[in-house]
Every structure is written in structure tokens, then in C-alpha cells.
Number of protein chains: 2
Amino acid sequence: MGDRMLERARSAATSAGLPTRAVPPGTAGRILAAGLELFAEKGFSGTSIRDIGARAGINSATLYSHYRSKEHVLAALVLLGHQELHGRLQHALVTARGGPAGKLAALVRAHVLAHAEYAQLALVANAELHILGGEAAAPSLALREQSRQLLLALLDEGVRGGEFTAADPLLAAAAIVGMGRQVAHWYRPNQPYTPEQIADTFSGYALALVGAAEHDREK
Amino acid sequence: MGDRMLERARSAATSAGLPTRAVPPGTAGRILAAGLELFAEKGFSGTSIRDIGARAGINSATLYSHYRSKEHVLAALVLLGHQELHGRLQHALVTARGGPAGKLAALVRAHVLAHAEYAQLALVANAELHILGGEAAAPSLALREQSRQLLLALLDEGVRGGEFTAADPLLAAAAIVGMGRQVAHWYRPNQPYTPEQIADTFSGYALALVGAAEHDREK
DNA sequence: GTCTATACTAGGATAGAC
DNA sequence: GTCTATCCTAGTATAGAC
């Protein structure tokens, strides 16, 4: 318990931040962290190169020794966000126990958890993706589509097997993804709910939404 | 200015997705429509006063004869969006038949419908609200809170009366609002689903989510 | 890698003619 | 109300010294 709590405390400290392992060391990492905060707060277009420099503790010109342009900073963040989410979803599916209901619960739980624990990253990855040109956006769009397919395949499986009654997997997926994504907009670390509580509750909502039988909803 | 220009102004203002009644006639309306499209597409900070002028068919300087600043254009749009949504929610509640389940279905239906039919307006009202200073944002924030209370009161009523089993109305509201809001991000007029289909399906999801009894979910 | 200095562009807003 | 012309600031990015 001690180790897990410690780990959680640590990730909560960097929460609303970047996944630790994905952050480059030194100045490049500080630029990324500064960009994340500022893009989340004021948007990409509302943030200047000088804002980023000030937040990162460097002169704005130094940024160009690490990234080719402001857009390249954004591209790094957006890709990172999509990779983190997709990785978590895959891991959740692989380690989930039980049938479609258990897998769906795990998938939604991971989705919501990611959007709470990395709220800023999710915000930037979702809201500013459209800024990126075609080739810069492509990898993130591909990851997003793959993540979507994980959910759709699961819903189809559940419907075919009779565990789910949802008549329209496409709309069910849109609803499930939507309620999870919005969490990044309102979650704050000092709120009455922990990310885990939200994730568990929302995964129950998802099961109800697809019409999973009551006895399949046990955790 | 001839009738032809007036007609163009009106259709330009309404075709993009502004509630007809709320659009000022003439140039002011075209500016609003241009701002709506551009803010929805590129964001407030990503849109220049010259962009707006070009889209509205006027010189950028002319904008200042109708609005005091670019921010005032945004303020008008954001308020309009929140007013439209709140008005629809109220109307839905007043005209709904049945108990809490029927009211919830009507409320969610109106919420989703608004986010599909006025997707651009919803996008701008939600994504750019934070740009506005305190006094400019206040009326919209107040409307948003009132709308939220409509839903929360309804959920409480349903839980107290035993029609809903949702243990946590706050999280249920967040989920319901979230899935509806996201519709504005993916709805497109040429999609396989009509706004009504989405609204009806999602209102069914909301009922399932709060644990409304099956026999209460009839339309 | 980091800074200072600077080139150059684009942006918000105003003045004044019509 | 609308335009042309313009002011001034702030923005992205580069050059070159250290």
C-alpha cells in the first residue's frame, strides 16, 4: 500500500503535467512543460513564444535551439498526449479480466483516468490538434482512430454475444468517449472526487448505457 | 443598399448557425456570422480582425462601427449561445410530459439538439468563454449555472422519488452534460445521423445512466 | 546552448475623407 | 457607415557574440 500511495502522490504532484518518462531532460523538457501549461490555459494562438520562454526560464530565442518552431512544440505535446492515452487503453484491455463488460469497464476507467490525471495534456491534444498541418497531425489522428476502434470492436463483441443491448455502437461510443473527454475540462486536483472515483463511476455509467446486464456490472 | 444585399446579409448570418431571431440585421449580423464561423474554425486568438472583415465582405475598420473590439464580437456570440441553450432547456422542461424520467428525456434531448443544430455556436460559447474578462463572462456563467441547476434539481427529484437510482447526481450530471457537449465537436450536417436521432438516442443513454426503470423509459 | 539585438510581419485599433 | 491610410504594438524567427 505504501508504495502505491507514494507512486500516486508523485503522479499527483506532476498531475496536470506530463508523463514523467516522456519528458526530455533539461531545457527541452522545461519548454514542453511551459508550453503545456500555457497552451492549456490560453490556447496555442493565445500563447506567444515569449510567454513560453518566460515560463520556462529562458530567453525566447533559446527555444529555437530545441524546437524548430512554436508549432513543433505543440506537435510534440499533441503526439505525446495521444500516445499516452492509447498506451493506457491498450494496457487496460490486455490486463482486463472477464468478458466484454469487464473489458469495457477497464477501458472506460483508463480513459477517464487519463483525462483526469493528465487533464492539461488531454485538453491541448484535443483542442489544438486542428492547428497542426496534415503531416504533423497524421500520427495523432491515426492513434485516435485506433483507440476508437478498440472501443468499437469491444461494443460489437458485446452486442454479438448478447452481453450488451446497445442498438447503435457508433453512437454509444460517441457518448462514452464524450463523457470521458469532458472530464479534462472540469477535473481539478483539489476537487471532492479522486480520479479513481470518477473513473469507476463513469465506467458504471458506460455499462448502464450499453445495457450490460446487472450481474455483469460487478467489479 | 438594395434588397439583394439585405437578403445576402440575412442568409449569411443564419446559414452558418446563428438563431435567426437573435441576429441583428445588416452588417452587424454579417460580422457576427463571420466571427462565429472563424472563431469556431480557428479560435478567437487565431482569428484576426482582417479575417472577419474579409469573411463579412467589409473592410476590417468597418467592424468598429458595430462592435467596440474583437472581444465584443466574441462576447455577443458567447452570450447568445448560452441564452439559446438555456431558453431551449427551460422550454423543454416546461412542455415535458410525465415524471422525472420524461422530463430528463426532454431535457437531454433539447441539450443534444442544441449542440448539433448550433454546433459552431456551442463550440465558440464553450471553448472561448475563458477569453472574456470577468464582467463580460458573468452573464454567460450565470446562465450556465442555471442550466446546470435545472438538471441537478431534476436528478435530485428523481432520486428522492425512487425513479432514479443514480447514487451521485453531481457525477451523473457531469456525464450527461459531457456527452451532450461533445456532440458539437463531431456533428456534421451531412452525417448519417439526424440531430433528432442523436438526441433521442442520447436521452435514452441518460435514462439508462441514472438507472431509470425500464417502464419509465417509454417515449 | 544561451544570450542580446534585430529583422520583419501581422495584429488591433484609430483618424479622417467621402 | 464605409473606406483608405496609418499608428503602434506584439508576434515569429534569425544572426551573431559569448
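Figured I'd write up the structure that's included with this text. (Residues numbered from 1 in each chain as written. Chains lettered and ligands numbered in written order. Predicted model: local features only at pLDDT ≥ 70, side-chain atom pairs only at ≥ 80, totals over all residues. Heavy atoms only, no water.)

1. Section: the overall build of chain A
Argument step 1. Counting secondary structure elements, chain A contains nine helices and zero strands.
Argument step 2. Across its three principal axes, chain A shows a C-alpha extent of roughly 60 × 45 × 25 Å.
Argument step 3. Per-residue burial over chain A gives 47% buried out of 219 residues.
Argument step 4. For chain A, contacts bridging at least 24 residues in sequence account for 69% of all contacts bridging at least 6.
Argument step 5. When the accessible surface of chain A is totalled, it reaches about 10,500 Å², and 54% of it is carbon and sulfur.
Argument step 6. Seen as two clouds, the 21 positive and the 20 negative side-chain charges of chain A have centres 6 Å apart. (Helix = DSSP H or I, 4+ residues; strand = E, 2+ residues; numbered from the N terminus. Buried < 20%, exposed > 50% of the residue type's maximum accessible area, 1.4 Å probe, protein only. Contact = heavy atoms within 4.5 Å. Areas by Shrake-Rupley, 256 points an atom, 1.4 Å probe, with all protein chains shown as cover. Lys, Arg positive; Asp, Glu negative; His and termini not counted. Charge placed at Lys NZ, Arg CZ, Asp CG, Glu CD.)

2. A few points about the interface of chain A and chain B
Argument step 1. Listed by partner, the interface residues are 24 residues for chain A and 23 residues for chain B.
Argument step 2. Buried surface at the junction of chain A and chain B, both sides included, amounts to about 2,000 Å², of which 67% is carbon and sulfur.
Argument step 3. Across the contact surface, chain A and chain B share zero salt bridges.
Argument step 4. Run the count over chain A and chain B and you get six residue pairs in polar contact (both at pLDDT 80 or more). (Buried area = accessible area lost by both parts, 1.4 Å probe. Salt bridge = Lys/Arg side-chain N within 4 Å of Asp/Glu carboxyl O. Polar contact = N/O pair within 3.5 Å; in protein donor to acceptor, adjacent residues only side chain to side chain.)

3. Some remarks on the packing of helix 6 (residues 119–127) of chain B against helix 8 (residues 169–186) of chain B
Residue and element names in this part refer to chain B.
Argument step 1. Packing of helix 6 against helix 8 brings their axes to within 8 Å, and their N-to-C directions diverge by 115°. The chirality of how helix 6 crosses helix 8 is left-handed. Every residue of helix 8 that contacts helix 6 at Ala119, Ala122, Leu123 and Asn126 is listed here: Arg181, Ala184 and His185. (Axes fitted to C-alpha atoms, helices over the stretch in contact; angles between N-to-C directions. Left-handed = near helix turned anticlockwise from the far one by under 90°.)

4. A few points about the pattern of salt bridges
Argument step 1. For the structure on display, the rule yields 17 salt bridges over all chains.
Argument step 2. With a closest N to O distance of 3.9 Å, Glu41 of chain B and Arg55 of chain B form a salt bridge. Taken together, the residues Glu41 of chain B in helix 2 (residues 27–42) and Arg55 of chain B in helix 3 (residues 49–56) connect sequence positions 14 residues apart.
Argument step 3. Residue Arg55 of chain B is classed as partly exposed on the basis of its relative accessible area of 41%.
Argument step 4. A cluster of three or more residues bridged by salt bridges with shared partners is formed by Arg21, Glu84, Arg88 and Glu117 of chain A.

5. Structural notes on the nonpolar core
Argument step 1. With 78 residues, the main nonpolar core has Leu104, Phe202 and Val210 of chain A together with Leu104, Phe202 and Val210 of chain B as its most contacted residues.
Argument step 2. Once you skip the residues sitting within four places of it in the chain, Phe202 of chain A turns out to touch Val108, Val112, Met179, Val183 and Trp186 of chain A together with Leu171, Ala174 and Ala175 of chain B. (Core = buried A, V, L, I, M, F, W, Y, C linked by side-chain atoms within 4.5 Å.)

6. Considering the relation of the copies chain A and chain B
Argument step 1. If you rotate chain A by 180° and push it 0.0 Å along the axis, it lands on chain B with an RMSD of 0.1 Å. Such a turn and shift between the copies fits a two-fold axis. The C-alpha atom lying nearest the rotation axis in chain A is that of Met179 of chain A; the distance is 2.2 Å.
Argument step 2. When the interface residues of chain A are mapped onto chain B, 96% of them again lie at the interface, so the same face is used by both copies. (Least-squares fit on C-alpha atoms with pLDDT ≥ 70 in both.)

7. Let's talk about helix 7 (residues 134–161) of chain A
Residue and element names in this part refer to chain A.
Argument step 1. Under the 1.5 Å per step criterion, the end-to-end length of helix 7 is 39 Å for 28 residues, consistent within 8% with the ideal 40 Å.
Argument step 2. For helix 7, the principal kink sits at Ser140 and spans about 25°.
Argument step 3. All of the buried residues in helix 7 are Ala137, Ser140, Leu143, Ser147, Leu151, Leu152, Leu154, Leu155 and Gly158.
Argument step 4. Elements that come into contact with the buried residues of helix 7 comprise helix 4 (70–95), helix 5 (100–117) and helix 8 (169–186). (Expected span 1.5 Å × (residues − 1). Bend = angle between axes of the 7 residues up to and from the residue.)

8. Here we look at the environment of Arg97 of chain B
Argument step 1. Along the chain, Arg97 of chain B turns up in the loop between helix 4 (70–95) and helix 5 (100–117).
Argument step 2. Among residues more than four places away in sequence, those in contact with Arg97 of chain B are Gly102 and Lys103 of chain B.

9. Thoughts on the protein's contact with DNA strand D
Argument step 1. Ile49 and Arg50 of chain A together with Thr62, Ser65 and His66 of chain B are the nearest of the 15 residues found near DNA strand D.
Argument step 2. The sugar and phosphate moieties of DNA strand D supply 64% of its atoms located within 4 Å of the protein.
Argument step 3. A distance of 3.5 Å separates a phosphate oxygen of DNA strand D from a polar atom in the backbone of Thr47 of chain A.
Argument step 4. In this structure, Ile49 of chain A approaches DNA strand D through a main-chain N or O atom, which is 2.6 Å from a phosphate oxygen.
Argument step 5. Among the residues forming the surface near DNA strand D, the class breakdown is five nonpolar, eight polar and two charged. (Near = heavy atom within 4 Å. Nonpolar A, V, L, I, M, F, W, Y, C, P; charged D, E, K, R; others polar.)

10. Considering the environment of Leu85 of chain A
All names here are of chain A.
Argument step 1. Along the polypeptide, Leu85 turns up in helix 4.
Argument step 2. With 69 residues separating them in the primary sequence, Leu85 and Leu154 have C-alpha atoms 17 Å apart.
Argument step 3. With near-sequence residues (within four places) excluded, Leu85 lies in contact with His111, Ala114 and His115.

11. Remarks on the packing of aromatic side chains
Argument step 1. Overall, the coordinates contain four aromatic pairs over all chains when judged by the stated rule.
Argument step 2. With a centroid separation of 5.6 Å and 45° between ring planes, the pair formed by Phe202 of chain B and Tyr205 of chain B is classed as tilted. With Phe202 of chain B and Tyr205 of chain B both in helix 9 (residues 195–209) and three residues apart, this pair spans about one turn of that helix.
Argument step 3. Lying across the ring of Phe44 of chain A, Lys70 of chain A places its NZ or CZ 4.2 Å from the centre. (Phe/Tyr/Trp six-rings, centres within 6.5 Å; stacked < 30°, edge-to-face > 60°. Lys NZ or Arg CZ within 6 Å of the ring centre and 35° of its normal.)

From the geometry alone we can't say anything about function, so treat these as descriptive.
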